[in-house]
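Single-letter residue listing:
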Amino acid sequence: MFKDRDKYVSGEFRFRHGYCKGNPRKMVKTWAEKEMRNLIRLNTAGIPCPEPVMLRSHVLVMAFIGKNDMPAPLLKNVPLSESKAREIYLDIIHYMRRMYQDARLVHADLSEFNILYNNGQIYIIDVSQSVEHDHPHALEFLRKDCANVNDYFVKYGVAVMTVRELFEFVTDPSINPDNMDAYLEKAMEIAAHRTEEERSNQDKVDEEVFKKAYIPRTLNEVKNYERDIDLMQKLKEEDMSLNTQQDNILYQTVTGLKKDLSGAQTVPDLLQECDPKQNDGSGSDVDSGDDSGSDYEEIHPKDQAPVSEIDKKERKKQVKEAQREKRKNKIPKHVKKRKEKAPKTKKAK
């Protein structure tokens, strides 16, 4: 069916000369060319997928994936153990990042229906609708892919990242082969300690908002940057590491900026937050700012006892509760203005 394919092609540089919207038969040929090009990119990036063999008009020949003339099953139809599901989840998010960073593509329809499972390995298929990373709808498609992957593996009891955490893992330019394993270890450790009961209603609302919010792809698309910087400075006065889901500025990771918009991000923010000893040796100002409002303000970092994950969770809950109380007692701006105007009008009379 090619009725709803315009959004995958319109705005893409490779099809800037246009295509015939009124004739679906001509669209099939364009779609075959698009899948051929995308499969070549995935093969070049080392992502498991069908190897393209030949393209003639609207016919695309690919290498067979299966055994004894039986095609490999879809991931949807494969029963998985919890340990195997977790292994496959890590493989998929690795391939999602490699597809975005190396192949410069977003799958745009990634789910258990477009992944084959053969001899313990997964293969990405159906990349005809995949778009380049600078496509106008690329980030929207990527968030959808992240949500689809998470929703599937949650059914197997896998401790998955949030949609925003997975999105940032895929797009963060400061992650490299040297720190990727450490980053994933920290991210999955945080996900393992986060249960469904511990996630507040506000967290779920923030995640739904993130799925639909507009995210600028480049700094040229950012408007009111002065307002954004002021907002992040205010969040920095609190504990900004605990407000990643509550700030409305969503483009730092995509554009390679620090959370507070103070400059380029060279080390992933997650590693900075979770490994304070590494930052103490480098003299980072971020850590000194975070420690200023804690209970260990007068104690040297070396003398501090290691903080357990339970303590971190309790502290996070306390900060969130305090913020909720502030919002409850906050006086609306229009009420403040009325109070300010009232004395002036009395004096005038």
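Basis of the calculations
Residues numbered from 1 in each chain as written. Predicted model: local features only at pLDDT ≥ 70, side-chain atom pairs only at ≥ 80, totals over all residues. Heavy atoms only, no water. Phe/Tyr/Trp six-rings, centres within 6.5 Å; stacked < 30°, edge-to-face > 60°. Helix = DSSP H or I, 4+ residues; strand = E, 2+ residues; numbered from the N terminus. Buried < 20%, exposed > 50% of the residue type's maximum accessible area, 1.4 Å probe, protein only. Lys NZ or Arg CZ within 6 Å of the ring centre and 35° of its normal. Contact = heavy atoms within 4.5 Å. Expected span 1.5 Å × (residues − 1). Arc of directions from axis to C-beta. 1 Å grid on protein atoms, 1.4 Å probe; cavity = no way out; pocket = protein on both sides within 12 Å on 5 of 7 lines; lining within 4 Å. Points joined across faces, edges and corners; volume = space filled by probe spheres on them. Nonpolar A, V, L, I, M, F, W, Y, C, P; charged D, E, K, R; others polar.

K.L.:
Would you take a moment to explain the packing of aromatic side chains for this structure?
P.N.:
We describe a pair of aromatic rings using the distance from one ring centre to the other and the angle between the two ring planes. Considering all chains together, one arrives at five aromatic pairs under this definition. Ring centres 5.4 Å apart and planes at 75 degrees place the aromatic pair Phe167 and Phe210 in the edge-to-face group. Note that Phe167 is positioned in helix α5 (residues 163-171) and Phe210 in helix α7 (residues 201-212), a separation of 43 residues in sequence. Comparing Phe167 with Phe210 shows no difference in burial state: the two are buried. Connected via pairs of aromatic rings, a cluster forms that spans Tyr89, Tyr152, Phe153 and Tyr156. The side chain of Lys34 reaches across the aromatic face of Trp31, ending 5.4 Å from its centre. Directly above the ring of Phe210 sits Arg143, whose terminal nitrogen or CZ lies 5.8 Å from the centroid.

K.L.:
I'm lost on the environment of Ile93 in this one. Help?
P.N.:
Here Ile93 is to be found in helix α3 (residues 82-101). Sequence separation of Ile93 and Phe167 is 74 residues, and the distance between their C-alpha atoms is 9.6 Å. With sequence-adjacent residues up to four places away left out, Ile93 is seen in contact with Met161, Leu166, Phe169 and Leu184.

K.L.:
It is not clear to me how helix α6 (residues 180-193) should be interpreted in this structure. Could you clarify?
P.N.:
Given 3.6 residues per turn, any residue in an α-helix points the same way as the ones three and four places further on. The first and last C-alpha atoms of α6 sit 20 Å apart over 14 residues, in line with the 20 Å expected at 1.5 Å per residue. Looking at α6, one finds that the buried residues are Met180, Tyr183, Leu184, Ala187, Met188 and Ala191. Down the axis of α6, the buried side of the element spans an arc of 120 degrees, and every buried residue falls inside it. Residues of α6 that are exposed and angled more than 90 degrees away from the buried face: Asp181, Glu185 and Ala192.

K.L.:
Please clarify how the environment of Pro268 should be interpreted in this entry.
P.N.:
Take Pro268: it is sitting in the loop between α9 (252-255) and α10 (269-274). Sequence separation between Pro268 and Gly256 is 12 residues, and the spatial gap between their C-alpha atoms is 9.7 Å.

K.L.:
For this particular structure, what's the right way to read empty space enclosed by the protein?
P.N.:
If a probe the size of a water molecule is rolled over the atoms, the empty space left behind becomes visible. On inspection of all chains with the given rule, the structure shows two cavities of 30 Å³ or more. Taken as a whole, the largest cavity holds about 50 Å³ of empty space. Taken together, the elements giving at least two residues each to the lining of the largest cavity come down to α3, β5 (105-106) and α4 (138-154). Counting residues per element, the lining of the largest cavity draws most heavily on α3, at three residues. For the lining of the largest cavity, the per-class residue count stands at seven nonpolar, one polar and one charged. One number sums up the size of the second largest cavity: a volume of about 30 Å³. Lining the second largest cavity are Leu75, Ile92, Ser111, Glu112, Ile115, Asn148, Val149, Tyr152 and Phe153.

What is shown is where atoms sit, not what they do.
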